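What the coordinates show
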Amino acid sequence: QQQQQQRLQQHQHKGGAAGAAGVPETCLDSLVLGGGGSGGGGGVPTTPTAGSAAPIAVPATAAAAAMAGRDEAASPRGRGLEVGPLMASYTEHAGAVLLCAISPLGTLVASVDTSNTLHVWSCAGSQGIRRHSMTLPEESTATCMTWVPPQDRCVAVGLSSGSVLFVDVRQFLPDQFVEVLGCRDVQALACDVTGRMLVCAALTDASEPVATIVFIDTETHSISSLFQPIKPGVIVQSLAFNHSGSLVAGGCSDGSVHLFTPVEPRVAWSWSAHFGPVYGVKFTHDDKSLVSLGGDGLILRCQQQQQDHAIIQLDVRINTSPAAQWPGLRRLCVDETDSFALIPSAAPDESATPSTLGFWHLRSGSLAAAGAGQGVGAGGVRGAQIVCTQHANITSVDWCTAAKICVCATDAGAVHCYSAFVATE
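Residues numbered from 1 in each chain as written. Predicted model: local features only at pLDDT ≥ 70, side-chain atom pairs only at ≥ 80, totals over all residues. Heavy atoms only, no water.

Turning to the overall build of the protein chain, a few remarks are in order. Of the regular secondary structure elements, the protein chain holds two helices and 32 strands. Split into buried and exposed, the 425 residues of the protein chain put 59% on the buried side. Restricting to contacts in the protein chain with at least 6 residues of sequence separation, those with at least 24 account for 50%. Taken as a whole, the protein chain presents about 16,800 Å² of accessible surface, with 49% of it coming from carbon and sulfur. (Helix = DSSP H or I, 4+ residues; strand = E, 2+ residues; numbered from the N terminus. Buried < 20%, exposed > 50% of the residue type's maximum accessible area, 1.4 Å probe, protein only. Contact = heavy atoms within 4.5 Å. Areas by Shrake-Rupley, 256 points an atom, 1.4 Å probe, with all protein chains shown as cover.)

For the rest of this paragraph, the subject is the confidence of the model for the protein chain. Considering every residue of the protein chain, the mean pLDDT works out to 73; 65% of them sit at 70 or more. Within the protein chain, the lowest mean pLDDT, 26, falls on strand β1 (residues 32–34), and the highest, 96, falls on strand β16 (residues 248–252). Predicted confidence for residues 370–379 stays below pLDDT 50, and this span has 24 contacts to residues more than four positions away or in other chains. (pLDDT = per-residue confidence, 0-100.)

Looking now at the side chain of T261. In this fold, T261 is placed in strand β17 (residues 256–261). On the basis of relative accessibility, which here comes to 13%, the residue T261 falls in the buried class. There is a polar contact of 2.9 Å between the side chain of T261 and the backbone oxygen of E264. For T261, the residues in contact, after removing those within four places along its chain, are F215, S246, L247, R266 and A268. (Polar contact = N/O pair within 3.5 Å; in protein donor to acceptor, adjacent residues only side chain to side chain.)

The biggest cluster of nonpolar side chains holds 40 residues, and the ones touching the most others in it are L118, L136, M145, W147, F359, W399 and C406. Not counting residues up to four positions away in its chain, the partners in contact with M145 are L99, C100, A101, A110, S111, V112, L118, V155, A156, V157, L189 and R331. (Core = buried A, V, L, I, M, F, W, Y, C linked by side-chain atoms within 4.5 Å.)

Strands sit in the order β3-β4-β5-β6 across an open sheet of four strands; the sheet is antiparallel. Here the strands that pair on one side only, and so sit at the sheet edges, are β3 (97–102) and β6 (129–135). Strand-to-strand twist of the sheet, defined as the mean angle between neighbouring strand axes without regard to direction, takes the value 20°. Sheet topology note: the strand β5 (residues 117–122)/β6 ladder contains six bridges and is antiparallel. Within the sheet, the bridge partner assigned to W121 lies in β6 and is R130. (Pairing = 2+ DSSP bridges. Axes fitted to C-alpha atoms, helices over the stretch in contact; angles between N-to-C directions.)

Where β17 lies against strand β18 (residues 266–272), six bridges are found, and the strand directions are antiparallel. Looking across to β18, one finds that H258 is bridged to S270. Hairpin connection from β17 to β18: four residues lie between these consecutive antiparallel strands.

What follows is about the packing of aromatic side chains. Two aromatic rings are characterised by how far apart their centres lie and by the angle between their planes. This structure, assessed with the given rule, holds three aromatic pairs. Between Y90 and W121, the aromatic rings sit 4.7 Å apart at their centres with planes inclined by 5°, giving stacked as the arrangement. On the criterion of sequence distance, the pair formed by Y90 in strand β2 (residues 78–90) and W121 in strand β5 is long-range, its members being 31 residues apart. Judged by its relative accessible area of 1%, Y90 falls in the buried class. The exposure class assigned to W121 is buried, which follows from its relative accessible area of 0%. (Phe/Tyr/Trp six-rings, centres within 6.5 Å; stacked < 30°, edge-to-face > 60°.)

Moving on: unusual backbone geometry. For the bond from P149 to P150, the omega torsion is 5°, close enough to zero to count as cis. We note that N116 has phi near 65°; this positive angle belongs to a residue other than glycine.

Turning next to the state of the cysteines. The final tally for this structure, using the stated rule, is zero disulfides. Left unpaired, C123 is separated from the closest cysteine sulfur, that of C417, by 4.3 Å. (Disulfide = S-S within 2.5 Å.)

Counting buried positions along strand β31 (residues 405–410) yields six of six residues, so the element is predominantly enclosed. Neither face of β31 is exposed, since I405, V407 and A409 on one face and C406, C408 and T410 on the opposite face are all buried. In this structure, strand β30 (residues 394–400) lies alongside β31, joined through six bridges in antiparallel fashion. Paired with W399 across the bridge in β31 is C406.

Further remarks concern the environment of L99. Along the chain, the position of L99 falls in strand β3. The exposure class of L99 is buried, given its relative accessible area of 3%. Excluding its chain neighbours within four sequence positions, the residues that come into contact with L99 are A110, S111, V112, A142, T143, C144, M145, P327, G328 and S396.

Attention shifts here to the pattern of salt bridges. For the coordinates displayed, the defined rule picks out four salt bridges. A salt bridge links R130 to E92; the shortest N-O distance between them is 3.4 Å. Taken as a pair, R130 in strand β6 and E92 in the loop between β2 and β3 lie far apart in primary sequence, 38 residues in all. Overall, the relative accessible area of 41% leaves R130 in the partly exposed class. A residue is classified by how much of its surface remains accessible, and E92, at 38% relative accessible area, is partly exposed. Where R170 meets D168, a salt bridge forms, and the shortest distance between an N and an O atom there is 3.1 Å. (Salt bridge = Lys/Arg side-chain N within 4 Å of Asp/Glu carboxyl O.)

Structure representation (structure tokens):
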């Protein structure tokens, strides 16, 4: 670990000096992070994960050129960001809100609190209107949650018992329990864009837990396949399908990222990305790049060029350490133009739970510039930041870019909805 830190400092020094000109090929590791961006952020040395094929080194200049080509070819491209003001607040939770998720069409929000109660409510008015609520099984607590697209009709909740609960929000009845035998603690959930396949990451009930990747058919509520591709002791904390449904990305507690294939479950590729847990992964909308958010306070973008992978470090450094205690913060929200990321962060003088939401520009690597809104109620907008007041801290976030709405939950028992609109060129 000390050697890795020393190499990191060396690469950062060289990256700051070389900038966009790149690092000489003799300095490259098996995976290359190109310099550039504002301030010339240096490369983080990475190595293939054990058991993976060794990738071919790509010069930093080639990585930077590939990234520049990707930016120019992006369609549509985010031109600007408009944030706020507060649209609606839901305050009927009995305790701190653990998880929140907005539906695919942006009409409903699901949220779970520390009393183990699931609420589904509408954010159409200034006050959130509760549609339904139900108490989750007493022997379990909610660990993760996602909606099943493409309609606003079903939400899937991962439980600490190792089960996945599907809830039909039309009748608001537990539609089906899918139990992963021999497992506990569902750590992450993700659904493909068609809503037909759900992937979950659970842990085996053993002294040294093993991560189990499970693919579930959402129509028959049956397990179609499962496998254990990760070494014991490593937890898969975040999952994401690509838009074609052919790959699943998993971010792990040891800083590695793995790509899985759903049809014949196997590891297609893996690499070390972060010096710390990977809290969020997200494919870009052309499925050519993967963006990851790590506990080291960095956002990285990995782009595949045929058989080569080049990692571009975006100069986005935030305080992500509080994400460990709130599962709802283990999520990376990116808009449909792959231009902005919504990330909770602590105030500059704080190290505790984050109290602000920042919209970060993924191309310039800086906090986005946005028209300032007016502070409203328990939450306000300050430029490109949403600030929680009344000593409330953010515990979970989500962003439905199709409906131009972002939601954030707090430990004060409230969930707030804000308008967040990305203008395109």
